[in-house]
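# Breakdown of the fold
Residue strings, one per chain:
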Amino acid sequence: MYRRPRRNRVSNAVRSMVQETQLVVGNLIQPLFLVEGNNVKDQISSLPMAYRMSLDMILVEIGECRNLGIDKFIMFPKINDELKDKEASYALSEDNYYLSAAQTIKDRFPDICLISDIALDPYSSDGHDGIVRDGKIVNDETVEKLASMAILQAKAGFDILGPSDMMDGRIAAIRVALDDESFEDVGIMSYTAKYASAYYGPFRDALDSAPVEDDNIPKDKLSYQMNPANNKEAMLEAELDLMEGADFLMVKPALNYLDIIKVLHDNFEIPIAAYHVSGECAMLYAACKNGWLNMEKAVPETLLSIKRAGASAIITYFSKYVADQLKRR
Ligand code: PBG
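Described in the following lines is the structure provided in the data block. (Residues numbered from 1 in each chain as written. Predicted model: local features only at pLDDT ≥ 70, side-chain atom pairs only at ≥ 80, totals over all residues. Heavy atoms only, no water.)

## Topic: the packing of aromatic side chains
Summed over all chains, the structure comprises 11 aromatic pairs. Judged by centre distance (6.4 Å) and plane angle (40 degrees), the ring pair of phenylalanine 76 and tyrosine 275 falls under tilted. Of this pair, phenylalanine 76 sits in strand β4 (residues 72–77) while tyrosine 275 sits in strand β11 (residues 272–276), and the two are 199 residues apart along the sequence. Just as phenylalanine 76 is buried, tyrosine 275 falls in that class too. With 4.3 Å between their ring centres and 20 degrees between their planes, tyrosine 195 and tyrosine 257 make a pair best called stacked. With tyrosine 195 in the loop between β9 (187–194) and α6 (201–207) and tyrosine 257 in the loop between β10 (248–252) and α8 (258–267), this residue pair connects regions lying 62 residues apart in the sequence. With respect to class, tyrosine 195 is no different from tyrosine 257; both count as buried. (Phe/Tyr/Trp six-rings, centres within 6.5 Å; stacked < 30°, edge-to-face > 60°. Helix = DSSP H or I, 4+ residues; strand = E, 2+ residues; numbered from the N terminus. Buried < 20%, exposed > 50% of the residue type's maximum accessible area, 1.4 Å probe, protein only.)

Structural data, given as structure tokens:
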């Protein structure tokens, strides 16, 4: 037998020499859920490793993450019901508390990379990422609002903006708006291939942002998020985002879509991000807590698979857990 692949697995020393993929703390992005108030740290019941936190607690959390080597954060706001309306007007309000929180965070931690969320769903009383008119999510009017949100977020100090809405043409509109205001250094991490997935459930619980039940409101996001059956469409979305000026192409969710991560990685010259979404993290966490899987092994294996498929930026609710593990190794 000339070929014995096991020779390269014979010891730790040899195994590490032939290891192709390495998960490093620099790959990890920590999600943060912001709520109004003080001293609030609410565990999310369907996503027990994540919390809704007021700004003061978020500052503590960022400090802890920094000590573990995490320096990238993506923040989402939970907006109180009385501030929501059909036009999602609070998204463009000058005294939006998400924007002032970003300012405080960046003053305190100037060297972190703070990533925003651009979409109307946290602010919309209809619970959609765009404006709903006559039972339809209108594209171009929504894009105008998203571009205005982008300017406010750039002014507040966000380093990279994350359009998660899946409207057509929004990357170009946001890029032009940013450049017009001299924010040419503010990046765009585009949710390029965001599928209409059942795995966003815990996130919508966390932010109370699901589409409302009303006969005049579409009850799902199928008219803008992608069909899980499609692959070619991801290529089209990626071509458009690349052309329109995105700095990262994101695939979301991650695990059921590793083939999409791979195909975008192999065909496009800009970095790939993957969102290991709430439902994916929740089910892994649940299996580990039940003693069905070993968390210490299953979590890093999972994230390694996302990296191996081709993503260098990984948003996961396990960032802190894995950063701690990497540090102790
Ligand atoms: C909405 C948004 C969603 C997530 C991020 N931004 C949910 C949705 O599209 O309904 C999901 C993230 C997760 O599940 O962790 N703009």
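## Description of empty space enclosed by the protein
Scanning the model with the defined rule gives 1 cavity of 30 Å³ or more in all. By volume, the largest cavity is sized at about 120 Å³. Together, 18 residues line the largest cavity, and Asp121, Lys194, Tyr200, Phe203 and Lys252 are the ones closest to its centre. Put simply, the parts of the chain that give the lining of the largest cavity at least two residues each are β9 and α6. When grouped by side-chain class, the residues that make up the lining of the largest cavity number 7 nonpolar, 4 polar and 7 charged. (1 Å grid on protein atoms, 1.4 Å probe; cavity = no way out; pocket = protein on both sides within 12 Å on 5 of 7 lines; lining within 4 Å. Points joined across faces, edges and corners; volume = space filled by probe spheres on them. Nonpolar A, V, L, I, M, F, W, Y, C, P; charged D, E, K, R; others polar.)

## Quick word on the pattern of salt bridges
Across all of its chains, the model carries 17 salt bridges by this definition. Measuring nitrogen to oxygen at the nearest pair gives 2.8 Å for the salt bridge that ties aspartate 71 to lysine 72. Between arginine 328 and aspartate 324 there is a salt bridge; the shortest N-O distance is 2.9 Å. You can see arginine 328 and its partner aspartate 324 sitting in helix α11 (residues 319–328), 4 residues apart, about one turn around the helix. Overall, the relative accessible area of 28% leaves aspartate 324 in the partly exposed class. (Salt bridge = Lys/Arg side-chain N within 4 Å of Asp/Glu carboxyl O.)

## A closer look at the pairing of strand β2 (residues 41–44)
In terms of strand pairing, β2 meets strand β3 (residues 47–53) through 4 bridges, oriented antiparallel. Across the sheet, the residue bridging to isoleucine 44 is leucine 47, located in β3. Here β2 hands over to β3 after 2 residues, the two strands then running antiparallel side by side. (Pairing = 2+ DSSP bridges.)

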